[in-house]
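# Observations on chain architecture
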Amino acid sequence: MGSTGTVLRELRGAQKSAKGVSLYSRYVNRPAGRVLAAGAYRAGLTPNQVTLTSALFTFGALAAVALVEPSWTLAVLVWAALAVGFAFDSADGQLARLTGRGGPDGEWLDHVVDCGKLVLVHTAVLISFYRFGELPSDAWLLLPLGFQLAAVVTFCAGLLREHLGKAAASARGPSWAAPPPGPVSRIRALALLPADYGVFCLVFLLLGAPGAFRAGYAVLAVVHTLFLAAFLAKWFRELKALRAG
């Protein structure tokens, strides 16, 4: 087992493509995940254990949102736990690529945790609104439900786009080659920032000011809904092109 510096260098060489990744994930979450992956490697943890560690931080933070009255202390603790959980979510894949111990079971577990996270984060906000929000109107209770719908549909549609695209490529046989990926666009990476889960987590720093939190959360809900519409149109066109090609 090499030194931490050696492991970090090997992890830097085992990164996924930065194409389609926001600036936050590229410059904050992935590097943080790389450090955690190196620590997990030195500790002898498996990728699945790292995934479960991510779930522990994330679900613990969401339970606190639902059960504890909002305050500035809670805001900082929730954001920190969500950010660490997200970094561990990056670390499990990096560790799997480093050790060659990834597999269908690990990918399945990672997606299950991700799906649970997307459902529970908005459920926790809904419960917090109901218990502690002193809302201007009960209509605010519909906001987390709408945000949850946009998040889950984006997640599921994106997974289906990826797997159906691979299936279509496989059906064409080895003679068919997909077009080479284009260059990484910094402008696109900047544009994707509002849709990044790590950026979304920042809104929980406003938990100590319920009105500001509601406003920030509502803005992000609108932005994610617009991104969903754009993604659905893009993925549909791509899959239709694969059928016609």
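What comes next concerns the included structure. (Residues numbered from 1 in each chain as written. Predicted model: local features only at pLDDT ≥ 70, side-chain atom pairs only at ≥ 80, totals over all residues. Heavy atoms only, no water.)

### Overview of empty space enclosed by the protein
Gaps left between atoms are located by rolling a probe of water-molecule size over the structure's atoms. Put simply, the test is: Only protein atoms enter the 1 Å grid used here. Points where a 1.4 Å probe fits but cannot escape make up a cavity, open sets with protein on both sides within 12 Å along at least five of seven lines make up a pocket, and a residue lines them when an atom lies within 4 Å of a point. Grid points are joined across faces, edges and corners, and a volume is the space filled by probe spheres set on the points. Numbering of helices and strands starts at the N terminus; helices are DSSP runs of H or I of at least 4 residues and strands are runs of E of at least 2. Note on residue classes: Ala, Val, Leu, Ile, Met, Phe, Trp, Tyr, Cys and Pro are nonpolar, Asp, Glu, Lys and Arg are charged, and everything else, Gly too, is polar.
In this structure the tally under the stated criterion is one cavity of 30 Å³ or more. Approximately 80 Å³ is the volume attributed to the largest cavity. Lining of the largest cavity is provided by Pro70, Ser128, Phe129, Phe132, Gly133, Leu207, Pro210, Phe213 and Arg214. Taken together, the elements giving at least two residues each to the lining of the largest cavity come down to helix 5 (104-132) and helix 9 (210-244). Taken together, the residues of the lining of the largest cavity sort by class into six nonpolar, two polar and one charged.

### A few points about a nonpolar patch on the surface
To keep things clear, this is the line we draw: Residues form patches when they are more than 30% accessible in relative terms and have no salt bridge. Like charges link within 9 Å. Nonpolar side chains (Val, Leu, Ile, Met, Phe, Trp, Tyr) link within 5 Å. What sets the accessible areas is the Shrake-Rupley method with a 1.4 Å probe; for residues, cover comes only from the shown protein chains. Salt bridge, as applied in this entry: a Lys or Arg side-chain nitrogen positioned within 4 Å of an Asp or Glu carboxyl oxygen.
A surface patch of nonpolar side chains, about 220 Å² in accessible area, is lined by Val76, Leu202 and Leu205. If you trace the backbone, Leu205 turns up in the loop between helix 8 (197-201) and helix 9.

### Looking at the packing of helix 2 (residues 23-43) against helix 4 (residues 72-99)
So the rule is basically this: The convention used is that axes are lines fitted to C-alpha atoms, helices contributing only their stretch in contact, and that angles between N-to-C directions extend from 0 to 180 degrees. Should the near helix be turned counterclockwise from the far one by less than a right angle, the crossing is left-handed, whereas a clockwise turn marks it as right-handed. Note on contacts: a residue pair qualifies if any of its non-hydrogen atoms lie within 4.5 Å across the two residues.
Contact pair helix 2 / helix 4: the axes reach a minimum separation of 7 Å and the direction vectors enclose 65 degrees. The way helix 2 lies across helix 4 gives a crossing that is right-handed. Taken together, the residues of helix 4 that come into contact with helix 2 (itself represented by Tyr24, Ser25, Asn29, Arg30, Ala32, Gly33, Arg34, Leu36, Ala37, Ala40 and Tyr41) are Ala83, Val84, Phe86, Ala87, Phe88, Ser90, Ala91, Gln94, Leu95, Leu98 and Thr99.

### Re the packing of helix 5 against helix 6 (residues 142-171)
Rule in force here: Orientation categories follow fixed angle ranges, with anything under 35 degrees roughly parallel, anything over 145 roughly antiparallel, 65 to 115 roughly perpendicular, and all other angles oblique.
Running from N to C, helix 5 and helix 6 cross one another at 165 degrees; their axes reach a closest spacing of 8 Å. Between helix 5 and helix 6, the angle falls in the class roughly antiparallel. For the pair helix 5 and helix 6, the sense of crossing is right-handed. Counted together, Glu107, His111, Asp114, Cys115, Leu118, Val119, His122, Thr123, Val125, Leu126 and Phe129 of helix 5 and Pro144, Leu145, Phe147, Gln148, Ala151, Val152, Phe155, Leu159 and His163 of helix 6 form the full contact between these two elements. Broken down by class, the residue content of the contact of helix 5 with helix 6 amounts to 13 nonpolar, five polar and two charged.

### Considering the pattern of salt bridges
Between side chains of opposite charge, a pair can form when the charged atoms approach closely. Put simply, the rule reads: Each residue gets one of three labels from its accessible area relative to the maximum for its type: buried under 20%, exposed over 50%, partly exposed in between, using a 1.4 Å probe on protein chains only.
Under the counting rule described, the total for this entry stands at five salt bridges. Close ionic contact of Lys117 with Asp114 constitutes a salt bridge, the shortest N to O distance being 3.5 Å. Pair noted here: Lys117 and Asp114 are both in helix 5, with a separation of three residues, about one helical turn. Like Lys117, the residue Asp114 is buried in the burial classification. Note that Arg161 and Glu238 form a salt bridge whose closest N and O atoms lie 2.7 Å from each other. Of this pair, Arg161 sits in helix 6 while Glu238 sits in helix 9, and the two are 77 residues apart along the sequence.

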